[in-house]
Each structure stands twice: as structure tokens, then as C-alpha cells.
Amino acid sequence: MSAPRVSVVVATRDRVGRLRKLLDSLRAQTVEDFEVIVVDDGSVRGTQELMRREREGEVEAAPLALRDVRREVAGGPSAARNDGWPLAQAPLVAFVDDDCVATPGWLAALLEAAERAPGAIVQGRTLPDPREESKLGPHSRSLWVEEPGPHYQAANILYPRALLERLGGFDAEAFPFVGEDTDLAWRALEAGARIEWAPGALVHHAVRDLGTVGALRMAARWTPSIRLFARHRELRAEQLTYGVFWKGSHYLLVRALAALVVRRRSRWLALWLGAPYVRHLLKRGSEEGGGPRAAAFYAIHDLVELAAVARGAVRYRTFVL
């Protein structure tokens, strides 16, 4: 292969089945002049064997221009990606997650957008894997990116290598597991970079059924991400509802909590404050799954999430709910 036009960097940990599907989808790309760099972030089950078989050509498929890096101790996706992108031989670096599957035209669409806007960051479109849509429900996790920003997820994004070098890559110390991709993009924007949207650069994200406990644990993990709002003031205007609330549902929940406080003094005020959240929960059950019976779970989920955000607000001294 001649010098690659783009380097694809994948951070992975103990998702050998998912990683195999991703690599197979990269074999099916409509362009050929790319390389793949896989960073194994301390996996303990199967990843190294898969990488050995790829290196030695034992897979029953076309070989990839692939290199792999092994981290003996897991450090999170930020550190893993930072071990990968400096090895890139191409002037462009595309990031994709190990629980995604790229459509055949993914890299071609990213490259076309990069040529259209030299020096820009290119964000692609991400949707749940249609083969796993039956798993979508109140306890599931997947990813929808149907317009650019404000989070600029590294599940599907391309950076000029020169820009990564100028920024120093991901801030693995401040954001080891959550918010690292958003922080990198906003540092780039603040340094004068532009964002180009490439809707044809589509990847499908896995749908994981976390179960009730797993979904609540996920809701509790967002505390470190609140540091983003302390660091990037423009992100507040871009994401927060009324400049304060992390999500619109948090605003409605706070209103409902206020309704509980005032209900003895004014039933009408309590109804005005609380009714929108009740409607929201019923609509959410209809759209996200579970129906009316899931309303209690969604309310508990929001409370756990709100508590995690409030902890972050205190920790990083920035007012976000």
C-alpha cells in the first residue's frame, strides 16, 4: 500500500466480538489507502489472540494494513487513543469506537468532507445498529449523532493530525473516561478550528441492554463531565437548557421537586410545576420504551443523574443542574 490518506485509530478493551465486527466493516470500505491502529487498553479476554491472527494473516478475509499497541494496565479511552494517534502515518486521523460498525462508504465520506474543508474536524453520523434495534428500551444504551455537536463524540470523527499535535491530543488526566472527546473538540474550536458535517460518513453503534442496575450506574457516572462546563464557557450556551440544566428533563424534574414542596400551600401551583414532568415521563415511555409502567424507572434514573451532575457542580465550582 502507498502512504495512507487516513489512519483509523480504535481504542478497545475486552470487546473481542465487537472489535472483530468493526475490523470486518473496515475491510469493506470503498477506499483502500488507509491504515488501522488498534490500541488494546489492558484487555484480559481474547483481544491479543485476535490481533495475532490479524497480524499473521490467519483470518478468512482480506488483510488490513493494521498495527496494534498493547497497554498492560487499562487507562481509559483517552490514554489509549493518545497511544494510537501519534503512530499515524497519514495526515488525517479518524477515530471510531470498538462497539461500532462502519458502513462501506464511511471513510470515503470523511475524506470527501476533509478535502472540501481542509484543516477542519469532520464529524460523521452515528445511529443505533439496525440489527440490534429490538434491544432498545428504558435500560439500553446506544448513540445517536444526527447533527454536528455539541459533544463531538469520538465514536465517529476525523481530525487533522497536525491539529492533534498542536492540541496535545486528549486530556487523559482531566477526562480519563468521560467527556474527553468533547473537551478535545472544544479546545480545537477555541483554537480556531472548524467543524465539517459529513452525514454520509455513517457508523452504526451497538445497542447494549444494561439492565435496571446497569442503567442507573451509567446515570451516576457523569460527575466528571461537569468539568467541561467549567473549562468551556461556550459549551454552556450550546448544551444547557436555560443556561443551567444539563438536560431538559432535569429542568422538568426540578420543577416537579418544587411542586412537592409547595403542594400543601397551593395545589394549583404544584400542578403547574409538576404536570410537565409527568407528561414528559409518559411521552418518554412511549418513545423510548416501557410505556407508562416505565415512568417510575425514568424518574429514578433522572434523580440519580441529577445527583451526579450536582456533585460535579460542587466539585468543579460551576453551577449546573
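Residues numbered from 1 in each chain as written. Predicted model: local features only at pLDDT ≥ 70, side-chain atom pairs only at ≥ 80, totals over all residues. Heavy atoms only, no water.

Caption draft 1: Up close: the pattern of salt bridges. Evaluated as defined, the whole model comprises 27 salt bridges. In this structure, the salt-bridge partner of Arg67 is Glu35, at a minimum N-O distance of 2.8 Å. Placement of Arg67 in strand S3 (residues 66–71) and of Glu35 in strand S2 (residues 34–41) is noted, with a sequence separation of 32 residues between them. With relative accessibility at 4%, the residue Glu35 sits in the buried group. Here the salt bridges share partners, and the residues they tie into one network are Asp171, Asp183, Arg187 and Arg231. (Salt bridge = Lys/Arg side-chain N within 4 Å of Asp/Glu carboxyl O. Helix = DSSP H or I, 4+ residues; strand = E, 2+ residues; numbered from the N terminus. Buried < 20%, exposed > 50% of the residue type's maximum accessible area, 1.4 Å probe, protein only.)

Caption draft 2: Looking closely at the packing of aromatic side chains. Tallying each qualifying case throughout the model produces seven aromatic pairs. Each ring, one from Phe95 and one from Tyr159, has its centre 6.3 Å from the other, and the planes form 75°; the classification is edge-to-face. Here the residue Phe95 occupies a position in strand S4 (residues 92–96), and Tyr159 occupies one in strand S8 (residues 156–160), the gap between them amounting to 64 residues. Taking relative accessible area as the criterion, Phe95 reaches 0% and is therefore assigned buried. You can call Tyr159 buried: its relative accessible area is 1%. On the basis of an interplanar angle of 65° and a centroid distance of 6.3 Å, the ring pair of Tyr152 and Trp186 is categorised as edge-to-face. With Tyr152 in the loop between strand S7 (140–141) and S8 and Trp186 in helix H6 (residues 180–190), this residue pair connects regions lying 34 residues apart in the sequence. Judged on exposure class, the residue Tyr152 and its partner Trp186 are both buried. Positioned over the ring face of Phe170 is Arg81, at 5.3 Å from the centre of the ring. (Phe/Tyr/Trp six-rings, centres within 6.5 Å; stacked < 30°, edge-to-face > 60°. Lys NZ or Arg CZ within 6 Å of the ring centre and 35° of its normal.)

Caption draft 3: Examining the pairing of S3 more closely. As judged from the six bridges shared by S2 and S3, these two strands associate in the parallel manner. Within the sheet, the bridge partner assigned to Val36 lies in S3 and is Leu66. (Pairing = 2+ DSSP bridges.)

Caption draft 4: Structural detail: the packing of helix H10 (residues 248–262) against helix H11 (residues 267–288). Following both chains from N to C, one finds H10 and H11 inclined at 140°, their axes separated by 8 Å at the closest point. Classified by the angle between their axes, H10 and H11 sit oblique to one another. As H10 packs across H11, the resulting crossing turns out to be left-handed. Each of Ser249, Leu252, Leu253, Arg255, Ala256, Ala258, Ala259 and Val262 in H10 lies in contact with H11, whose residues at this interface are Leu269, Ala270, Trp272, Leu273, Gly274, Pro276, Tyr277, His280 and Arg284. Per-class residue counts for the contact of H10 with H11 are 12 nonpolar, three polar and two charged. (Axes fitted to C-alpha atoms, helices over the stretch in contact; angles between N-to-C directions. Parallel < 35°, antiparallel > 145°, perpendicular 65-115°, else oblique. Left-handed = near helix turned anticlockwise from the far one by under 90°. Contact = heavy atoms within 4.5 Å. Nonpolar A, V, L, I, M, F, W, Y, C, P; charged D, E, K, R; others polar.)

Caption draft 5: Spatial organisation of unusual backbone geometry. Cis geometry is found at the peptide bond from Gly149 to Pro150, where omega equals -5°. Within the element layout of this structure, Pro150 appears in the loop between S7 and S8. Although it is not a glycine, Asp14 sits at a positive phi angle of roughly 55°. Summarising the element assignment, Asp14 is placed in the loop between strand S1 (6–12) and helix H1 (16–27). Backbone geometry places Arg317, a non-glycine residue, at a positive phi of 55°. In this fold, Arg317 is placed in the segment after helix H12 (295–315).

Everything listed is a geometric property; what it means functionally is a separate question.
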